[in-house]
Amino acid sequence: MSNATKIFQRRIEFPEGCVLEGIVWLLPTQPVFGSQHLYKYRLYYGCEGRRDIGYDNERGKGDHRHYGERQEPYTFVTPEQLLEDFFTDVTALRTGGKS
């Protein structure tokens, strides 16, 4: 992403084979089509090749969250809140809770 500033990037591989990875960029001038802010992000947690939790703002779809097969709108507030919401969902799933 040219001229964007990477503000977060992480990849964690868990012993049982699950993977958590994410990246958040601050865009220089215009929001991603469908979003109202200057951040582009892709957050993923999955096991055995399936996406269990995902947050992204894919062009044209705007901010949304994937939880298993379910997809729903996500209200973006700040990058910090985004990461907190994502990690809360991952922790709940990994410990048997619900989101």
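Note that the structure is a prediction, hence the values are computed from the model and not measured.

Here is what the cut-offs are and how they apply
- Residues numbered from 1 in each chain as written.
- Predicted model: local features only at pLDDT ≥ 70, side-chain atom pairs only at ≥ 80, totals over all residues.
- Heavy atoms only, no water.
- Pairing = 2+ DSSP bridges.
- Helix = DSSP H or I, 4+ residues; strand = E, 2+ residues; numbered from the N terminus.
- Core = buried A, V, L, I, M, F, W, Y, C linked by side-chain atoms within 4.5 Å.
- Buried < 20%, exposed > 50% of the residue type's maximum accessible area, 1.4 Å probe, protein only.
- Contact = heavy atoms within 4.5 Å.

A.B. asks: Before we go on, may I ask you to explain the pairing of strand β1 (residues 5-13) in this structure?
C.D. replies: When a strand is regular, its side chains alternate between the sheet's two faces. Looking at chain direction, β1 and strand β2 (residues 19-26) are connected through eight bridges and run antiparallel. The residue bridging Arg-11 from the neighbouring strand is Glu-21, located in β2. Between β1 and β2, which follow one another and run antiparallel, lie five residues, and Gly-17 among them has a positive phi close to 100°.

A.B. asks: It is not clear to me how the environment of Tyr-45 should be interpreted in this structure. Could you clarify?
C.D. replies: Inspection of the secondary structure assignment puts Tyr-45 in strand β3 (residues 39-47). With 42 residues separating them in the primary sequence, Tyr-45 and Phe-87 have C-alpha atoms 9.4 Å apart.

A.B. asks: I tried to follow the nonpolar core on my own but got confused; where do I start?
C.D. replies: In globular proteins that are soluble, nonpolar side chains generally tend to be buried together. Val-24, Leu-43, Tyr-45, Tyr-55, Leu-82 and Phe-86 are the most contacted members of the largest nonpolar core, which has 19 residues in total. Only β2, β3, β4 (50-56) and α1 (79-94) provide two or more residues apiece to this core. Ranked by the residues each element gives to this core, the list is headed by β3, at five residues. Apart from residues no more than four positions distant in its own chain, Leu-43 is found in contact with Phe-8, Glu-21, Gly-22, Ile-23, Val-24, Ile-53, Gly-54, Tyr-55, Leu-82, Leu-83 and Phe-86.

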